[in-house]
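Overview (structure and organization)
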Amino acid sequence: MAEKSLAVVPRTPGVVAGRIFIYTLLGIAAVYFLLPFLVMVMTSVKTMEDIRMGTLISLPREINFDAWSEAWSSACIGVNCQGIRGYFLNSIKMVIPAVFISTALGAVNGYVFSKWRFKGSEVIFSMLLIGCFIPFQVILLPMALTLGKLGIAQSINGLVLVHVVYGLAFTTLFFRNFYVSIPDDLVRAARIDGAGFFRIFWRIILPVSAPIIVVTVIWQTTQIWNDFLFGVVFSGGDSQPVTVALNNLVNTSTGVKKYNVDMAAAIIAASPTLLVYILAGKYFLRGLTAGSVKG
Amino acid sequence: MSSLTIKGVYKSFGQVEVLKDISLDIQSGEFLVLVGPSGCGKSTLLNLIAGLETVTRGEIFIRDQMVNGVSPKDRDIAMVFQTYALYPSMSVRKNISFGLEMRKIPKDEIKKIVEKVAGILQIEELLNRKPAQLSGGQRQRVAMGRALARSPSIFLFDEPLSNLDAKLRVEMRTEIKLLHHRLGVTTVYVTHDQIEAMTLADRIAIMKDGTIQQFDTPRNVYKNPANLFVGGFIGSPAMNFIPTQVVQVGDGQGVVLDVDGGQSYTLPASPGNGALAQWVGREVLFGLRPEYLSDSLPDQDEEPQVHELECRVTVVEPTGADTIVFVNINGVKTTCRVHPDSAGKPGETMRLVTDMTKVFFFDPDTGERI
Ligand SMILES: Nc1ncnc2c1ncn2[C@@H]1O[C@H](COP(=O)(O)OP(=O)(O)OP(=O)(O)O)[C@@H](O)[C@H]1O
Ligand SMILES: [Mg+2]
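Some details on a nonpolar patch on the surface
Residue and element names in this part refer to chain A. Residues Leu 34, Phe 37, Val 41, Leu 274, Leu 275, Ile 278 and Leu 279 make up a contiguous nonpolar surface patch of roughly 670 Å² in combined accessible area. The biggest single contributor to the nonpolar patch is helix α14 (residues 259–288), with four residues. Within the secondary structure, Leu 274 sits in helix α14. Taking the relative accessible area as the measure of exposure, Leu 274 reaches 38% and is therefore partly exposed.

Here it is in structure tokens:
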């Protein structure tokens, strides 16, 4: 569609000028957003000496990855000088189960709210939606109490629970809105064919859910990986996620400020989300705009 | 044996009463068509029979067994949906075998059934395709195949042909009829197309606003409509309703028709209708089918109830086999079906004949037949 409508636009000078204007604007915007990242990458491969001599945007004189290995395995975070490696693994251990559980539960919830409505289900759904608008800070105290009662305070499991609970509102909303576009007749036909609640979900609904699963997984991965507040509040010393460790690394003052190590650590900490967007961003957009399933 | 019995069924969604006091009874092997305008509750009734919705009041029996609390899968029914509802992720073969698989039928037997059904519907070469790779007509066949495979005691169809183009619809209609003759399975078929209803049904239930207006054979709903609604709904082109005055004519009654052009006719009603005596001097709606206001009628010379009218033609619409001519009677646009060769031109006067044994009188206030 889009390509077609572009093709029929005649190339008058006005149109060409418009194009140039649009691309210039887009280019400026791209540079504006990429510049900080570029500075980070450049700084991370400079030596400390290089940083002291040059300016923020001067090119590195030689490319040196020492800062990267230091950030990864020997930088001091508090008194612990083993780099961010352990915390990076913590984040992975937190993100994978949290994303998996919140996505799975969201899918089942969405399935119920769209295809197995019951008396009051709309009310419950609306209440769940409020969860999307509750600021993080509001749930800190009750959540801390709950985790304490459950005996999983200051642990990765506790963080997983927090993220699952907080993410559920979003994942449910995503799946529910996707599933309302799937014809109800599919479920009716399967019921007549003799399939029950879970079998219909498993055999008929889930196989057509790929677009929304991609969207939800990307969304949740980004949210949970990037989270700082829950991490800082609900984790103990050795269960901290990488975002908290990064903050501590930057704030740990042992003499000189090692900008190159800080930058390298920040890039490492941000790399999974960057990677997810680069690899799957296309599917994210596609999933968000995916239409209904034609039976 | 009674195959399906519906006794005093009501259905409400919240405050809205969608079905009111529905009672039906069909024999084993019968083809029942539920017909009516959009929103009259046909699909809801079908869903109640299927068990996809629960009745608010009343009882449903399948093969003399009460099924109110029985789940859809245990009702021994199969359904074809308007949207076909094919499982998008499964191949045609899987779509057909899914229900059998759920019923734990052995694999080799499933294979045999699928092949047989595919043979009947001529979809063998489609078995490995996905629904998205099929045309509308092919999807329709697969949806029927899925229902057929289960060999249920009742087939339920919800407007299965309404998404097909006109030509294919007629073809599939014939095919469904053949299939029904061949298999002899009790069928409940929902449509809003009265021609589909007339051609397929053993018996028709005509619905309006959640009630059944008439439940009878196609022949009878045509020959003997219970009320204004049925009269107007069944038959194409639709019946003319001409407001007119009942007058005394000799021993009997008659109606006055003022045709465009100044002529006024008083047509005596056929003596069969005694109830008309009470209506002398009052307004009625005179129901006249276009096919009985024509240039000539069979046996018109022997039949004493046939009368002639000279009418001025306003519009002519040739349809091929017949030509539809519009005239004005009592100020109402009236449709006549005439032979193409005798159709007058607009503005001309044309001789039309009508058979008073084939006309109807309706109470203009209640719509009831007189
Ligand atoms: N789940 C529901 N909740 C509330 N109202 C409903 C529900 N299902 C149907 N209705 C209402 O019941 C009435 C009958 O609907 P139904 O689908 O049975 O009509 P129909 O005769 O099949 O019409 P169509 O020819 O358009 O399919 C409609 O007014 C509809 O709005
Ligand atoms: Mg319907």
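Details of the domain arrangement of chain B
Residues and elements named next belong to chain B. Under the domain assignment used here, chain B contains domain 1 (4–233) and domain 2 (240–362). Averaged C-alpha coordinates put domain 1 and domain 2 at centres separated by 39 Å. Taken together, the eight residues of domain 1 in the interface contact seven residues of domain 2. At the boundary of domain 1 with domain 2, total buried surface from both sides reaches about 630 Å², with 65% on carbon and sulfur atoms. In this assembly, domain 1 and domain 2 are joined by zero salt bridges. Linking domain 1 to domain 2 there are two residue pairs in polar contact (both at pLDDT 80 or more). By residue class, the composition of the side of domain 1 that touches domain 2 is four nonpolar, three polar and one charged.

Digging into the packing of helix α5 (residues 85–115) of chain A against helix α10 (residues 197–205) of chain A
All names here are of chain A. Contact geometry of α5 with α10 gives a least axis separation of 12 Å together with a crossing angle of 105 degrees. Regarding the angle of α5 to α10, the classification is roughly perpendicular. For the pair α5 and α10, the contacting residues are Ala 107, Val 108, Tyr 111 and Val 112 in the first and Phe 197, Ile 200, Phe 201 and Ile 205 in the second. Among the residues making up the contact of α5 with α10, the classes are represented as eight nonpolar, no polar and no charged.

So, the site of ligand 1
Residue and element names in this part refer to chain B. Neighbouring ligand 1 are the residues Phe 13, Val 18, Ser 38, Gly 39, Cys 40, Gly 41, Lys 42, Ser 43, Thr 44 and Glu 159. Gly 39 is positioned with one of its backbone polar atoms (N or O) 2.8 Å from an oxygen atom of ligand 1. The separation between an oxygen atom of ligand 1 and a polar main-chain atom of Gly 41 is 3.0 Å. For ligand 1, whose unbound accessible area comes to 630 Å², protein coverage reaches 56%. With three residues, helix α1 (residues 42–50) is the largest single contributor of residues to the shell around ligand 1. Taken together, the residues that form the shell around ligand 1 break down as three nonpolar, five polar and two charged.

Some details on the interface of chain A and chain B
Across the boundary between the two partners, chain A contributes 18 residues, which contact 28 residues of chain B. Summing both sides of the interface, chain A and chain B together bury roughly 2000 Å²; the carbon and sulfur share of this comes to 59%. The largest contributions to the chain A side of the interface with chain B come from A:Ile192, A:Asp193 and A:Arg203, which together make up 36% of the buried area. Counting across the chain A and chain B interface gives three salt bridges. For the pair chain A and chain B, the interface holds eight residue pairs in polar contact (both at pLDDT 80 or more).

Focus on the state of the cysteines
Under the defined criterion, the tally for this structure stands at one disulfide over all chains. One disulfide bridge connects A:Cys76 with A:Cys81, the sulfur atoms lying 1.7 Å from each other. A torsion of 105 degrees about the S-S bond marks the disulfide between A:Cys76 and A:Cys81 as right-handed. The thiol sulfur of B:Cys311 is not disulfide-bonded, and the nearest other cysteine sulfur, from B:Cys336, lies at 6.4 Å. According to the relative accessible area criterion, B:Cys311 is buried, its value standing at 0%.

Considering the confidence of the model for chain B
Atomic detail in the predicted coordinates should be set aside for any region of low pLDDT. Mean pLDDT over chain B: 91, with 100% of residues reaching 70 or higher. Two numbers describe this predicted complex: its pTM, 0.85, and its ipTM, 0.86.

Digging into helix α5 (residues 166–183) of chain B
All names here are of chain B. With 18 residues, α5 ought to run about 26 Å at 1.5 Å a step, and its terminal C-alpha atoms sit 26 Å apart, in line with that. Of all the residues in α5, the buried ones are Met 172, Arg 173, Ile 176, Leu 179 and His 180. In a view along the axis of α5, the buried residues occupy a sector of 130 degrees, so they form one face of it. Relative to its buried face, α5 has exposed residues pointing more than 90 degrees away, namely Lys 167, Leu 178, His 181 and Arg 182. Against β3 (31–35), α3 (107–121), α4 (136–149), β8 (186–191) and α6 (194–200) lie the buried residues of α5. One or two positions beyond α5, positive phi appears at Gly 184, with a value near 65 degrees.

Brief notes about the pairing of strand β13 (residues 264–268) of chain B
Residues and elements named next belong to chain B. Side chains Tyr 265 and Leu 267 of β13 all project onto a buried face; the interleaved residues Ser 264, Thr 266 and Pro 268 project onto a face where none is buried. Looking at chain direction, strand β12 (residues 252–258) and β13 are connected through five bridges and run antiparallel. Across the sheet, Val 256 pairs through a bridge with Thr 266, a residue of β13. From the end of β12 to the start of β13, which pair antiparallel, there are five residues, and Gly 261 there has a positive phi angle of about 115 degrees.

The rules behind each value
- Residues numbered from 1 in each chain as written.
- Chains lettered and ligands numbered in written order.
- Predicted model: local features only at pLDDT ≥ 70, side-chain atom pairs only at ≥ 80, totals over all residues.
- Heavy atoms only, no water.
- Patch = residues over 30% accessible without salt bridge, like charges linked within 9 Å, V, L, I, M, F, W, Y side chains within 5 Å.
- Areas by Shrake-Rupley, 256 points an atom, 1.4 Å probe, with all protein chains shown as cover.
- Salt bridge = Lys/Arg side-chain N within 4 Å of Asp/Glu carboxyl O.
- Helix = DSSP H or I, 4+ residues; strand = E, 2+ residues; numbered from the N terminus.
- Buried < 20%, exposed > 50% of the residue type's maximum accessible area, 1.4 Å probe, protein only.
- Domains from an automatic or database assignment.
- Contact = heavy atoms within 4.5 Å.
- Buried area = accessible area lost by both parts, 1.4 Å probe.
- Polar contact = N/O pair within 3.5 Å; in protein donor to acceptor, adjacent residues only side chain to side chain.
- Nonpolar A, V, L, I, M, F, W, Y, C, P; charged D, E, K, R; others polar.
- Axes fitted to C-alpha atoms, helices over the stretch in contact; angles between N-to-C directions.
- Parallel < 35°, antiparallel > 145°, perpendicular 65-115°, else oblique.
- Near = heavy atom within 4 Å.
- Disulfide = S-S within 2.5 Å.
- pLDDT = per-residue confidence, 0-100.
- Expected span 1.5 Å × (residues − 1).
- Arc of directions from axis to C-beta.
- Pairing = 2+ DSSP bridges.

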